[in-house]
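Given next are the chains, with one letter for each unit.
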Amino acid sequence: MKSWNDRLSTPGINGVKSTPRTMADVIEGQPMLVPTARQVDDFIRSIPEGVEMDVRALRTALAVEHGAEVTCPVTIGYHLRTVAEAANEDLQRGMTLSDVAPFWRVLDAKTPTTKKLSFGAEFVAAQRKREGLKP
């Protein structure tokens, strides 16, 4: 079984594609970014300490950065979990908080992805509190 860091490093198929159908806040035909996990990780690392960004804002910013109108809502959910789980693996191996992607700046107690994390929501809450972010 692949580790989360292996999944993070898998190249994947990405790019801007025409949205195949209307779903959530995405309208059929819109230019949609399908990012790789690494692109999501890199973007999260660019969010300064003490600054939070919800998933919708992350999707919008990623889309704009890559010349699209929207970012795939399904793919972003998968990749947010991959980024968080890979960061947790790195922390378990002795890396410091400053060396991992600060996923807690995007995930909070209400984000569905947080409930799926293998290490629980308490870590996310603790990091958000440490940086002065809303729980």
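Note that the structure is predicted; figures quoted are calculated from it, not measured.

Peer 1: I'm lost on the sheet that holds strand β3 (residues 70-71) in this one. Help?
Peer 2: Hydrogen bonds along the backbone pair up the strands of a sheet, which may run parallel or antiparallel. One open sheet holds the three strands; their spatial order is β1-β2-β3, and the pairing between them is mixed. Of all the strands in the sheet, the pair left with one neighbour each is β1 (15-18) and β3. Note that β1 and strand β2 (residues 31-34) share four bridges and pair antiparallel. From the neighbouring strand, Lys17 faces β2, where its bridge partner is Met32.

Peer 1: Please explain the environment of Lys116 as it appears in this structure.
Peer 2: Structurally, the position occupied by Lys116 is in helix α5 (residues 112-116). Once residues within four sequence positions are removed from consideration, Lys116 is found in contact with Arg81 and Glu85.

Peer 1: What is the right way to look at the pattern of salt bridges in this model?
Peer 2: Between side chains of opposite charge, a pair can form when the charged atoms approach closely. According to the stated counting rule, one finds 11 salt bridges in the structure shown. Glu131 is paired through a salt bridge with Arg105; the nearest N and O atoms lie 2.8 Å apart. Note that Glu131 is positioned in the segment after α6 (121-130) and Arg105 in the loop between α4 (73-92) and α5, a separation of 26 residues in sequence. On the basis of relative accessibility, which here comes to 10%, the residue Glu131 falls in the buried class. One salt-bridge network, held together by shared partners, links Glu49, Arg105, Arg130 and Glu131.

Peer 1: Which parts of the structure should I look at to understand the packing of helix α2 (residues 37-45) against helix α3 (residues 55-65)?
Peer 2: Describing two packed helices takes the angle between their axes plus the distance from one axis to the other. Put simply, α2 and α3 touch, their axes get as near as 11 Å, and they point 105° apart. Classified by the interaxial angle, the pair formed by α2 and α3 is roughly perpendicular. Taking contact as the criterion, the partners of Gln39, Val40 and Phe43 in α2 are, on α3, Leu58, Ala61, Leu62 and Glu65. For the contact of α2 with α3, the per-class residue count stands at five nonpolar, one polar and one charged.

Cut-offs and rules
- Residues numbered from 1 in each chain as written.
- Predicted model: local features only at pLDDT ≥ 70, side-chain atom pairs only at ≥ 80, totals over all residues.
- Heavy atoms only, no water.
- Pairing = 2+ DSSP bridges.
- Helix = DSSP H or I, 4+ residues; strand = E, 2+ residues; numbered from the N terminus.
- Contact = heavy atoms within 4.5 Å.
- Salt bridge = Lys/Arg side-chain N within 4 Å of Asp/Glu carboxyl O.
- Buried < 20%, exposed > 50% of the residue type's maximum accessible area, 1.4 Å probe, protein only.
- Axes fitted to C-alpha atoms, helices over the stretch in contact; angles between N-to-C directions.
- Parallel < 35°, antiparallel > 145°, perpendicular 65-115°, else oblique.
- Nonpolar A, V, L, I, M, F, W, Y, C, P; charged D, E, K, R; others polar.

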